[in-house]
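Listed here are the chains, written in short residue letters.
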Amino acid sequence: GLYPFSAGGTLPMVGVPLGPHLAGRGIVCADPVSYFAAGLINNASAFVLGRPGLGKSSLIARILLLLRTKGILPLILSDVKGEYVDLIKLIDGQVIAPGRGREFVNPLDRGPLTARLAHLPEEIRAAAEADIEARRHNVMTGLCELALNRPLEAQERNVLAAAPRLWEADNPGRVPLMGDVLEFVRSRPESLAAVVNDRGDHERYFTRVEGLVDALIALAGDGEFGDVFARPTTTPLEMDRPAVFDLSAVDAMDARLQAGLQLVCWSYGSSAVAAAKYLGDAGLAPRRTYLMVMDELWRALRAAYFMVDRVDEILRLNRTLN
């Protein structure tokens, strides 16, 4: 009941107390945020590996709970077993539960920063807009690759990058849905025909976008993913509260949907953290520190070999948030 003991030990007390040293005296303390703040590591991240049932989730939960007492906000970006839901409820956090017949998350949602972009200084606004587009393009690429079970070709990636942006230019103030992008691509607008490089040939245009149209059909409500990604985001993420994306209702056998939701939730949660950083840099909101947990990473990686690139891209974008 007295642990962690008040008497000094031989180990430095930097980080969350985790337990007694197994081969000596003293208490082992560790967490990526405290180690980064103390200059012990160059990147505020950690990778937790272990055999099943040996306490990985318990370790992470302990770190989250104790760091919360220091004002650090935990974000569980994919909880596929529902292991963190009670903890997040305990600390007055949000529980967001996307899945078939439950809540929806729109991969084309630009995130909580969109409404305040105009208030940012020009230099910060340019960086924020580029960040938003990079995240959105990465998650859309990953979803379409999952739907097609292959990497996208060059013209498909170009169309996927341009179509949402061009649609928004024609529909100011609106957030596109998958069905909107699908119909926009099918309509062959001149602006998109130039991106496709169809040379004025309608048949060439539809041949070059055929695979992408198939992928968008799968995501727009009529395909294998149902309407999970086809509707407006049900519950916007609040930047000033802990949160968990509860994916426990998604059947483990539905591996492709599970991997797609992991990708979307990781990107959406990361965009909220990025929004807080840009607003803090501009003096428009208090600075906040988050600890993001990407649980069960192996599930997304196992869904398809090309998911490695999508996960790597999210992690690289997140490095700027330290």
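Preceding this paragraph is the structure being described.
The following paragraphs examine the structure supplied in this document. Worth saying up front: this structure is predicted, and the values here are computed from it rather than measured.

### Some points on the side chain of Glu103
Step number 1: With respect to the element layout, Glu103 can be found in the loop between strand E4 (94–96) and helix H4 (122–148).
Step number 2: No salt bridge is formed by the buried Glu103, whose closest oppositely charged neighbour, Arg102, lies at an N-O distance of 6.6 Å.
Step number 3: Sequence-distant contacts of Glu103, that is, excluding residues within four places in its chain, are made with Val95, Ile96, Ala97, Pro98, Thr234 and Thr235.

### Describing the nonpolar core
Step number 1: Formed by 76 residues in total, the largest nonpolar core has its most connected members in Leu113, Val185, Leu192, Leu216 and Phe229.
Step number 2: No other element matches the 15 residues that helix H9 (residues 255–281) contributes to this core.

### Let's talk about helix H6 (residues 178–186)
Step number 1: Looking at H6, one finds that the buried residues are Met178, Val181, Leu182, Phe184 and Val185. The arc enclosing the buried residues of H6, seen along the axis, measures out at 165°, which places them on a common side.
Step number 2: Against the buried residues of H6 lie H4, helix H5 (154–170), helix H7 (190–196) and helix H8 (202–219).
Step number 3: After H6 finishes, the residue Arg188 shows a positive phi value of roughly 50°.

### What about the packing of H5 against H6?
Step number 1: At a closest axis distance of 10 Å, the pairing of H5 and H6 adopts a crossing angle of 100°. Classified by the angle between their axes, H5 and H6 sit roughly perpendicular to one another. When H5 is examined against H6, the residues Val159, Ala163, Pro164, Leu166, Trp167 and Asp170 are found in contact with a partner set consisting of Asp180, Val181, Phe184 and Val185.
Step number 2: A breakdown of the residues in the contact of H5 with H6 according to their chemical character gives eight nonpolar, no polar and two charged.

### What about a nonpolar patch on the surface?
Step number 1: On the surface, Leu18, Val28, Val48 and Leu59 cluster together into a nonpolar patch covering about 240 Å² of accessible area.
Step number 2: Within the secondary structure, Val48 sits in the loop between helix H1 (32–37) and helix H2 (56–68).
Step number 3: Looking at Val48, the relative accessible area reads 36%, which means it is partly exposed.

### So, the pattern of salt bridges
Opposite charge on two side chains makes pairing possible when the charged atoms of those side chains draw close.
Step number 1: Going through the model one piece at a time under the given rule, you end up with 18 salt bridges.
Step number 2: In this structure, Arg136 engages Glu133 in a salt bridge whose closest nitrogen and oxygen atoms are separated by 3.0 Å. Within this pair, Arg136 and its partner Glu133 are both found in helix H4, separated by three residues, close to a single helical turn.
Step number 3: A relative accessible area of 4% means that Arg136 is categorised as buried.
Step number 4: Here Glu133 falls in the partly exposed class, since its relative accessible area comes to 23%.
Step number 5: When the shortest N-O distance is used, the salt bridge between Arg188 and Asp198 registers 2.9 Å. Of this pair, Arg188 sits in the loop between H6 and H7 while Asp198 sits in the loop between H7 and H8; the two residues are ten residues apart in sequence, bridging distant segments of the chain. The same class applies to Arg188 and to Asp198, which are both buried.

Cut-offs used in this document
- Residues numbered from 1 in each chain as written.
- Predicted model: local features only at pLDDT ≥ 70, side-chain atom pairs only at ≥ 80, totals over all residues.
- Heavy atoms only, no water.
- Helix = DSSP H or I, 4+ residues; strand = E, 2+ residues; numbered from the N terminus.
- Buried < 20%, exposed > 50% of the residue type's maximum accessible area, 1.4 Å probe, protein only.
- Lys, Arg positive; Asp, Glu negative; His and termini not counted.
- Salt bridge = Lys/Arg side-chain N within 4 Å of Asp/Glu carboxyl O.
- Contact = heavy atoms within 4.5 Å.
- Core = buried A, V, L, I, M, F, W, Y, C linked by side-chain atoms within 4.5 Å.
- Arc of directions from axis to C-beta.
- Axes fitted to C-alpha atoms, helices over the stretch in contact; angles between N-to-C directions.
- Parallel < 35°, antiparallel > 145°, perpendicular 65-115°, else oblique.
- Nonpolar A, V, L, I, M, F, W, Y, C, P; charged D, E, K, R; others polar.
- Patch = residues over 30% accessible without salt bridge, like charges linked within 9 Å, V, L, I, M, F, W, Y side chains within 5 Å.
- Areas by Shrake-Rupley, 256 points an atom, 1.4 Å probe, with all protein chains shown as cover.

Purely spatial values, then, with no claim about function.
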